[in-house]
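Next come the chains, spelled out residue by residue.
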Amino acid sequence: METPMIFETHAHYDDEAFAQDRENLLASMQKHGIGHIVNACASVESLKDTEELMEKYPFVYGAFGIHPDDAEKMTEETLEEIRRLSRLPKSVAIGEIGLDYYWHKEEHEHEIQKKMFLAQMEIAREEKLPFMIHSREAAKDTLNLVKDCMKGGMYGGIIHCFSYGKEIAGEYLDMGLYLGIGGVVTFKNAKKLKEVVAYAPLEQLVLETDSPYLSPEPNRGKRNSSLNLPYVAEAIAQIKGCSAEEVIAVTEENAKKLLLRK
């Protein structure tokens, strides 16, 4: 039987924060127990960069989509490019997509975000791929749109960097979706997230970093990378009363089942 390895479901190695040492860092992953990495697109520019990373590294996969921050930059051509990329052999999800009302307060901005979110969810449905959702200060709208989409039949998904409470977590879990858990779970003040992790079945959690952002303790404030995921696994294990090895094994299985269809 293969030794379980960490499955990193959400990172941004195309980010300029990795410009100086990207190759060496990625080359070191497997010897440090990181078996798979999904590089998630965010900006329009990241579509091409993610495709290149996915082609260069056998263990790197791609999630293709546009973050709500860039919704206003999207065109029909952008959507067609996402569709094209989604058909590549190592494309595993449509993401990261969703709603972000933290930086975008105006109603017209929300309407553009919703339109592009739904357009990308439709690509996920048509291409039979799971989705990766970004939701910040948009709990109700995100949940309602996901519920509507799920009625039409989807192929699963991850609520990335889950940040809401138990009640909303329960709604997503009841739909058979997964919660992405990263460095925030190690923060002393992350009471709400720790309650969600205690409540959610381990079989519906996946590990992620959102690198280069959101480094866990003891590296909070520094550039994040997948090498920090053992701290996340340990924090989940302490909450769940199990071993970090079990967390790594079960979350790897979860991610393989959803993203690699294994």
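Note that the coordinates shown come from a computational prediction; the quantities given were computed from them, not determined experimentally.

Cut-offs used in this document
- Residues numbered from 1 in each chain as written.
- Predicted model: local features only at pLDDT ≥ 70, side-chain atom pairs only at ≥ 80, totals over all residues.
- Heavy atoms only, no water.
- Pairing = 2+ DSSP bridges.
- Helix = DSSP H or I, 4+ residues; strand = E, 2+ residues; numbered from the N terminus.
- Axes fitted to C-alpha atoms, helices over the stretch in contact; angles between N-to-C directions.
- Contact = heavy atoms within 4.5 Å.
- Buried < 20%, exposed > 50% of the residue type's maximum accessible area, 1.4 Å probe, protein only.
- Lys, Arg positive; Asp, Glu negative; His and termini not counted.
- Salt bridge = Lys/Arg side-chain N within 4 Å of Asp/Glu carboxyl O.
- Polar contact = N/O pair within 3.5 Å; in protein donor to acceptor, adjacent residues only side chain to side chain.
- Parallel < 35°, antiparallel > 145°, perpendicular 65-115°, else oblique.
- Left-handed = near helix turned anticlockwise from the far one by under 90°.
- Arc of directions from axis to C-beta.
- Phe/Tyr/Trp six-rings, centres within 6.5 Å; stacked < 30°, edge-to-face > 60°.

Novice: I'd love a proper account of the sheet that holds strand β7 (residues 178-181), names of residues and values included.
Specialist: Taken together, the 8 strands give an open sheet; going across it, the order is β1-β2-β3-β4-β5-β6-β7-β8, and neighbouring strands pair in parallel fashion. Across the chains shown, the open sheet's two edge strands, defined by having one partner strand only, are β1 (6-11) and β8 (205-207). Direction aside, neighbouring strands of the sheet carry axes that sit 30° apart on average. Sheet analysis places β1 next to strand β2 (residues 34-40), joined by 4 bridges and oriented parallel. Within β2, the residue paired with Ile 6 across the bridge is Ile 34. Along the sheet face, helix α2 (residues 46-56) touches β2, β3 (60-63) and β4 (91-100) and points at about 155° away from the line of β3.

Novice: Account for the side chain of Asp 210, naming residues and giving values.
Specialist: On the secondary structure map, Asp 210 appears in the loop between β8 and α8 (229-240). No salt bridge is formed by the buried Asp 210; its nearest oppositely charged neighbour, Arg 136, is found at 8.8 Å. Side-chain polar atoms of Asp 210 contact the side chain of His 12, separated by 3.0 Å. Other than its neighbours up to four places away in sequence, Asp 210 contacts His 10, His 12, Glu 96 and His 160.

Novice: Which residues make up the packing of helix α7 (residues 191-199) against α8, and what are the values?
Specialist: At a closest axis distance of 9 Å, the pairing of α7 and α8 adopts a crossing angle of 65°. One finds that α7 runs roughly perpendicular with respect to α8. As α7 packs across α8, the resulting crossing turns out to be right-handed. For the pair α7 and α8, contact is made by Lys 194, Val 197, Ala 198 and Tyr 199 and by Ile 236, Ile 239 and Lys 240, respectively.

Novice: Residues and numbers for α2, please.
Specialist: A turn of α-helix holds 3.6 residues, and therefore any two residues three or four places apart point the same way. The set of residues buried in α2 consists of Ser 46, Leu 47, Thr 50, Glu 51, Leu 53 and Met 54. Down the axis of α2, the buried set is contained in an arc of 165°. They therefore lie on one face. For α2, the exposed residues lying more than 90 degrees away from the buried face are Lys 48 and Glu 55. Next to the buried residues of α2 lie α1 (22-27), β2, β3, α3 (76-86) and β4.

Novice: Give me the lowdown on the packing of aromatic side chains, citing residues and values where you can.
Specialist: Inspection of the entire model under this criterion finds 5 aromatic pairs. The interplanar angle of 50° and the centroid separation of 4.7 Å between the aromatic rings of Tyr 13 and Phe 18 together place this pair among those described as tilted. The same class applies to Tyr 13 and to Phe 18, which are both buried. Both rings, one in Phe 162 and one in Tyr 172, keep their centres 6.4 Å apart while their planes meet at 85°; by these two values the pair is edge-to-face. Of this pair, Phe 162 sits in the loop between β6 (157-159) and α6 (166-174) while Tyr 172 is found in helix α6, placing the two residues 10 residues apart along the sequence. Take Tyr 172: its relative accessible area is 0%, and that puts it in the buried class. Ring pairs connect the aromatic residues Phe 162, Tyr 164 and Tyr 172, which therefore count as one cluster.

Novice: Tell me what's going on with the pairing of β3, and back it up with residues and numbers.
Specialist: Of the two faces of β3, the one holding Val 60 and Gly 62 and the one holding Tyr 61 and Ala 63 are both buried throughout. Pairing of β2 with β3 involves 4 bridges; the strand directions are parallel. Note that in β3 the partner of Asn 39 across the bridge is Gly 62. Examined bridge by bridge, β3 and β4 share 2 bridges and lie parallel to one another. When the bridges of β4 are listed, Ala 63 appears paired with Ala 93.

Novice: Before we move on, can you summarise the environment of Arg 261 with the specific residues and values?
Specialist: Mapped onto the fold, Arg 261 is located in the segment after α9 (244-260). Sequence separation between Arg 261 and Leu 129 is 132 residues; the distance between their C-alpha atoms is 9.9 Å.

Novice: Outline the pattern of salt bridges, supporting the account with residue identities and numerical values.
Specialist: For the structure on display, the rule yields 18 salt bridges. As a salt-bridge pair, Lys 191 and Glu 195 come within 3.2 Å of each other at their nearest N and O atoms. Within this pair, Lys 191 and its partner Glu 195 are both found in helix α7, separated by 4 residues, close to a single helical turn. Taking the relative accessible area as the measure of exposure, Lys 191 reaches 58% and is therefore exposed. The class for Glu 195 is partly exposed, based on a relative accessible area of 38%. With a closest N to O distance of 3.7 Å, Glu 252 and Lys 256 form a salt bridge. Placement of both Glu 252 and Lys 256 in helix α9 is noted, with a separation of 4 residues, approximately one turn of the helix. Owing to a relative accessible area of 8%, Glu 252 belongs among the buried residues under this scheme. Residues joined by salt bridges that share partners form a network here, namely Glu 80, Arg 83, Arg 87, Glu 126 and Glu 127.

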